[in-house]
Amino acid sequence: MSSTRILASGFSRYGSSNNGRSVMVSDQHQTMLDGFQQISKIPSSQSYHALVITSAVNSLRSSSSPVNSFAKNGSPTRRCIVFSGCEIEYELVNYHGGPQTDVHIVDIRFTGDDSQHAKRAALWRVSFDNASQDWGVFKGQAPERQLKGTDTVAGTISQPLEIGVNGFCDGFVHAAEILPAHITRGEAAAEDALKSVGYQLFYVPVEKNSTKAGWTFLRDMGRTAENKSNIQASRILAGHMKEAHDQGLYVEWTSHRGGSQVLIQAMKLLQRHRINVQGKQKIFLSDHTSSHFEADQARRAIGMDVRDSTWYNATPGIAQIMGGQSFGVASLACSIDGLLNHTKREEMPGKVVMVGGGVGAAAVATNKMAPVVAQLVSSFALTPAFAWAITAALGLSGVRLAASSVPSFNNKYHKGTKDVVAQLANKSFNKLVPPK
Amino acid sequence: MLFGTRRNPKAPSYRHAKRIKKDLSGTLVSFVAPDSYSPFAIRQAGDEGDILDLASIDCFKQELAADKTEIPGVRVATIYTGSWAFRGLPLLHGYCGSVKCHFEVKRVDDLPINESLFDNSVLAQEVYKSLELTVINDLHEASSSDPFDMTSYQWPSYLTPINCQWLPRGDSEWVYFEDQSLASGPSAITWSTAISERHYLICNYYIKRSALNGGNPYRIEQCVSRDNFLAFVHKIMDSFKIELSPSAKAEQERVRIQIPQQSRPVLSCSAEQVALAKRVLHHYSGFDYNEKGKDPSKVQRADPKDVAAFLEERIKPRPLPGSYANGPALNET
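In this convention, every chain numbers its residues from 1, walking through the sequence in written order. Think of it this way: whatever chain is written first is A, whatever ligand is written first is 1, and the rest follow in order. Note on the predicted model: pLDDT of at least 70 is required for a residue's local features to be given, and 80 or more for side-chain atom pairs to be given and counted; whole-chain, interface and lining totals, by contrast, use all residues.

Helix and strand counts for chain B stand at 6 helices and 13 strands. Restricting the calculation to C-alpha atoms gives the radius of gyration, and the globule rule supplies 2.2 Å times the number of residues raised to the power 0.38. The C-alpha atoms of chain B give 21 Å as radius of gyration, which agrees with the globular expectation for 333 residues (20 Å, within 12%). C-alpha extents for chain B along the principal axes are approximately 65 × 50 × 40 Å. Within the span of chain B, comprising 333 residues, buried residues form 45% of the whole. Numbering of helices and strands starts at the N terminus; helices are DSSP runs of H or I of at least 4 residues and strands are runs of E of at least 2. Whether a residue is buried, exposed or partly exposed follows from its count of other C-beta atoms within 10 Å of its own C-beta, namely 20 or more, 12 or fewer, or something in between, respectively; the C-beta atoms are built from the backbone.

See the structure below:
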């Protein structure tokens, strides 16, 4: 049957076609892929590109479109798949009108050099150098082609892989230095443990423009992964999440600042493909700039581990309040959403007490809360009185808001919302009363 | 200086600096340094003990070479670590880099019986041996831009030793040198001096600079100047006082009588090292860097000529105040 198919001119079948869809390539690509097939057998970091490309082409054989692929504009059949090391553009061709389609590779673009120079989002291994007391001593290593367990961390339930997703920072080296504090949630003992095993950094390139930098969250405020590099990054990240899922690895994703956008978008891509990670992965958002309500819905939709009581931590700065689509509502919306949609009937009363209890300390509600209340009432069908009471608990002091918006203050992980104020206070205290 | 700038970040204040004292089996070492402060790490550095027994074998651990194997005959003990952040304009820049220090005592077990570390040429030899095994041999597999290039090169991560000289600080003579990192990672400054026949003190300072568009060792030079970092390191070193124990002092006297005219051999890197370093530094000059007006998703490397000129300038000797006249090169003695 297959031999009678009419092949598009210049295309021939690549590799075995027994499993999944057939992959068709032009003669030129055929020669190139054969070359890579040979190179990929040599164990060396030089075969990085080769391994990326061979596994990428093979991934196209699966029956559904991969999570890191997207449809090109204007064509229903032209798709592009994105990895950190390459991009492949392909056409889905259906000869017989049946469900089976063939894949025609139109173009293969290498981006390995760009990702090796941190110009493109990629996954890196970061270790701690004892001599220089320094994180992220990168010495010409290539980014990871595939997410997998390391020599020190297996990715099992007791030893989950720790992966950080950076937001705004000075660059790669700075990101590698900032993230450990957030991955370990500001715990000294956990940081010491992390030093001995290292972690992986999903580095999202930052905008290198000093006037825009640090304030891009205002532009992207509330939107999920709007800018081009973030979209690309989230596709690559979604690919890695899927890889972890396929291998059954336990992973903890920690995002810092704008990294939350990439992380949320990646989860949504997985959601679109109806992937359920069966509680093996979980997320933590630190100083996130996009709504954690959105994150909560996405993580529940793809079956992430949601049992941790804290899964986000932020000093409510401008970025978090504005970028987080009115931050206060997000945390409330999460608990209500958790209550209404994700709580078993018999646990309901207890949970209600918890939500209510957190709110019980309510301050005075102001008129500014009106739109928020309206939103709550409409999205969750609550009584307006209840909505008013809970929004009142979200009073934020002006000092805290201003202080924690300053990038130089929120490099470090803040354990409580008052940490920033405490830091300011400590600074002035040290000036007045010198430590002995 | 009230505020730092991105170009010249402000060093930590010395106002609350205190003298830190270490007792190494009767040899008293002390220096003045401000309290450690790291903007990222949760645990602060500087919690080492004040007393170290040089004779005890338990206090020392085997020194590891670049390939993680043990170096035979060399043991090492940490006596002090510190970490200080440098800041630019308040609120705008915040963190611009840091100096981290790591002071160690190295113990040489396999020294010939008639040699003593108080002999400068023996000290220089030992320092170089250790440096060669740890830093000069710190190689990494080169990455190539061409996906079909399968040649496997080993590239150095650092160019060292450069600007080597002998300096007197607090009654002792120190051998001083710097290194230039080529791929990434901090640049180091190393000071070493003998404190007994078999032990020498080695003070490593790691200078790390951070800027928005300076992701690699070549580009960071154009963003943040080294001057304030160096000045801070020198300030700590200027405050060093070493009071040798009676037995060490007797040994020092003995060597002084035996070799009245001590030579001060300097360490240097070879021409091959420099040539390779130019290539490596150029390769990474596009790492995490965007040139204005160019496509930010493509790698933009510097002009090889500029990189070469920078390294040529970098390896020129720059005598520090009070340095001794240059002695012969180590390999020529």
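Along the backbone of chain A there are 16 helices and 14 strands. Any residue pair is listed as a contact if its two C-beta atoms, each placed from the backbone, are within 7 Å. Across chain A, every contact between residues at least 6 apart in sequence was considered, and the portion connecting residues at least 24 apart equals 69%.

Residues and elements named next belong to chain A. The buried fraction of strand 12 (residues 251–256) amounts to 5 of the 6 residues, a majority that puts the element mostly inside the structure. Here a strand pair is declared whenever DSSP counts at least two bridges between the two strands. Pairing between strand 10 (residues 161–165) and strand 12: 5 bridges, direction parallel. Across the sheet, Gly-164 pairs through a bridge with Thr-254, a residue of strand 12. Two elements, strand 12 and strand 13 (residues 281–286), share 6 bridges in a ladder whose sense is parallel. Bridge pairing in strand 13 places Glu-252 opposite Lys-282.

A separate point is the pairing of strand 2 (residues 23–26) of chain A. Residue and element names in this part refer to chain A. Examined bridge by bridge, strand 1 (residues 11–14) and strand 2 share 4 bridges and lie antiparallel to one another. Among the inter-strand pairings, Tyr-14 is bridged to a residue of strand 2, identified as Val-23. Note: strand 2 against strand 6 (residues 102–110), 2 bridges, orientation parallel. Paired with Met-24 across the bridge in strand 6 is His-104.

Accessible area lost when the parts come together is the quantity often used to give the size of an interface. Residues and elements named next belong to chain A. Each domain's limits were defined by an automated method or a database of domain assignments. Domain parsing of chain A yields domain 1 (2–110) and domain 2 (122–325). Counting residues at the interface gives 13 residues for domain 1 and 14 residues for domain 2. Top contributing element to the side of domain 1 that touches domain 2 by residue count: helix 2 (residues 48–59), with 3 residues. Residues are grouped as follows: Ala, Val, Leu, Ile, Met, Phe, Trp, Tyr, Cys and Pro are nonpolar; Asp, Glu, Lys and Arg are charged; all remaining types, including Gly, are polar. When the residues that make up the side of domain 1 that touches domain 2 are grouped by side-chain class, the tally is 8 nonpolar, 5 polar and no charged.

Turning our attention to the nonpolar core. Ranked by size, the top nonpolar core spans 158 residues in total, and within it Leu-201, Phe-202, Tyr-203, Leu-237, Leu-263 and Ala-266 of chain A carry the most contacts. Once residues within four sequence positions are removed from consideration, Leu-263 of chain A is found in contact with Val-165, Leu-237, Trp-253, Ser-255 and Ile-283 of chain A. Linking buried Ala, Val, Leu, Ile, Met, Phe, Trp, Tyr and Cys residues through C-beta atoms within 7 Å yields a set, and such a set is a nonpolar core.

Let's shift gears to helix 1 (residues 27–39) of chain A. All names here are of chain A. In this analysis, the expected span of each helix is defined as 1.5 Å times one less than the number of residues it contains. With 13 residues, helix 1 extends 19 Å between its outermost C-alpha atoms, agreeing within 8% with the 18 Å of an ideal straight helix rising 1.5 Å per residue. The set of residues buried in helix 1 consists of His-29, Leu-33, Phe-36 and Ile-39. One side of helix 1 carries all its buried residues, which in axial view fall inside an arc of 115°. Among the exposed residues of helix 1, those pointing more than 90 degrees away from its buried face are Asp-27, Thr-31 and Gln-38. The arc refers to the directions leading from the helix axis to the C-beta atoms.

As a further point, take the confidence of the model for chain A. Residues and elements named next belong to chain A. The predictor's confidence in any single residue is recorded as pLDDT, a number from 0 to 100. Of all residues in chain A, 61% have pLDDT values of 70 or greater, and the mean over the chain is 71. Within chain A, the lowest mean pLDDT, 42, falls on helix 12 (residues 348–360), and the highest, 94, falls on strand 10. Considering only residues more than four positions removed or in separate chains, one finds that residues 321–329, a stretch of pLDDT under 50, has 28 contacts. Here residues 386–403 scores under 50 on pLDDT; set against residues more than four positions off or in separate chains, the count is 42 contacts.

Before going further, it helps to examine unusual backbone geometry. For the peptide bond that leads from Thr-160 of chain B to Pro-161 of chain B, omega is -10°, which places it in the cis range. Inspection of the secondary structure assignment puts Pro-161 of chain B in strand 9 (residues 158–169). The backbone phi angle of Arg-257 of chain A is positive, close to 50°, even though this residue is not glycine. Take Arg-257 of chain A: it is sitting in the loop between strand 12 and helix 8 (259–272). Even without being glycine, Arg-274 of chain A reaches a positive phi, approximately 55°. Relative to the helices and strands, Arg-274 of chain A resides in the loop between helix 8 and strand 13.

Once that is clear, we can look at the sheet that holds strand 14 (residues 312–313) of chain A. Strand order in the open sheet formed by 6 strands is 7-11-10-12-13-14 (chain A), and the pairing between neighbours is mixed. The two strands at the open ends of the sheet, each matched to only one other strand, are strand 7 (122–126) and strand 14 of chain A.

All names here are of chain A. Within the open sheet, the 6 strands sit side by side as 1-2-6-5-4-3. Their pairing is mixed. Every interior strand has two partners, whereas the edge strands, strand 1 and strand 3 (69–71), have only one. Going across the sheet, the axis of each strand differs from the next one's by a mean of 35°, ignoring polarity. Here strand 5 (residues 86–93) pairs with strand 6 via 8 bridges, running antiparallel. By the bridge assignment, Ile-88 is partnered in strand 6 with Ile-108. Note on definitions: angles span 0 to 180 degrees between N-to-C directions of axes, and those axes are lines fitted to C-alpha atoms, for helices only across the stretch in contact. This element, helix 1, spans strand 1, strand 2 and strand 6 of the sheet and lies at about 105° to strand 2.

In this section: the environment of Phe-36 of chain A. All names here are of chain A. Mapped onto the fold, Phe-36 is located in helix 1. We classify Phe-36 as buried; it has 21 C-beta atoms within 10 Å. For Phe-36 and Ser-234, which are 198 residues apart along the polypeptide, the C-alpha to C-alpha distance reads 27 Å. Beyond its immediate sequence surroundings of up to four residues, Phe-36 is in contact with Ala-50, Ile-53 and Thr-54.

Mean pLDDT for chain B: 87, with 93% of residues reaching 70 or above. In the predicted assembly, ipTM is 0.87 and pTM is 0.80.

We now examine the packing of helix 7 (residues 228–247) of chain A against helix 8 of chain A. Residue and element names in this part refer to chain A. The N-to-C vectors of helix 7 and helix 8 enclose an angle of 55°; their axes lie 8 Å apart at closest approach. The angle between the axes of helix 7 and helix 8 places the two elements in the oblique class. Helix-helix and strand crossings are classified by hand; for helix 7 and helix 8 the assignment is right-handed. Note on element contacts: helix 8 touches helix 7 through Gln-261, Val-262, Leu-263, Gln-265, Ala-266, Leu-269 and Leu-270, opposite Asn-230, Ala-233, Ser-234, Arg-235, Leu-237, Ala-238, Met-241 and Lys-242. Angles below 35 degrees are treated as roughly parallel, those above 145 as roughly antiparallel, those between 65 and 115 as roughly perpendicular, and all remaining angles as oblique. By definition, turning the near helix anticlockwise from the far helix through less than a right angle yields a left-handed crossing, and turning it clockwise yields a right-handed one.

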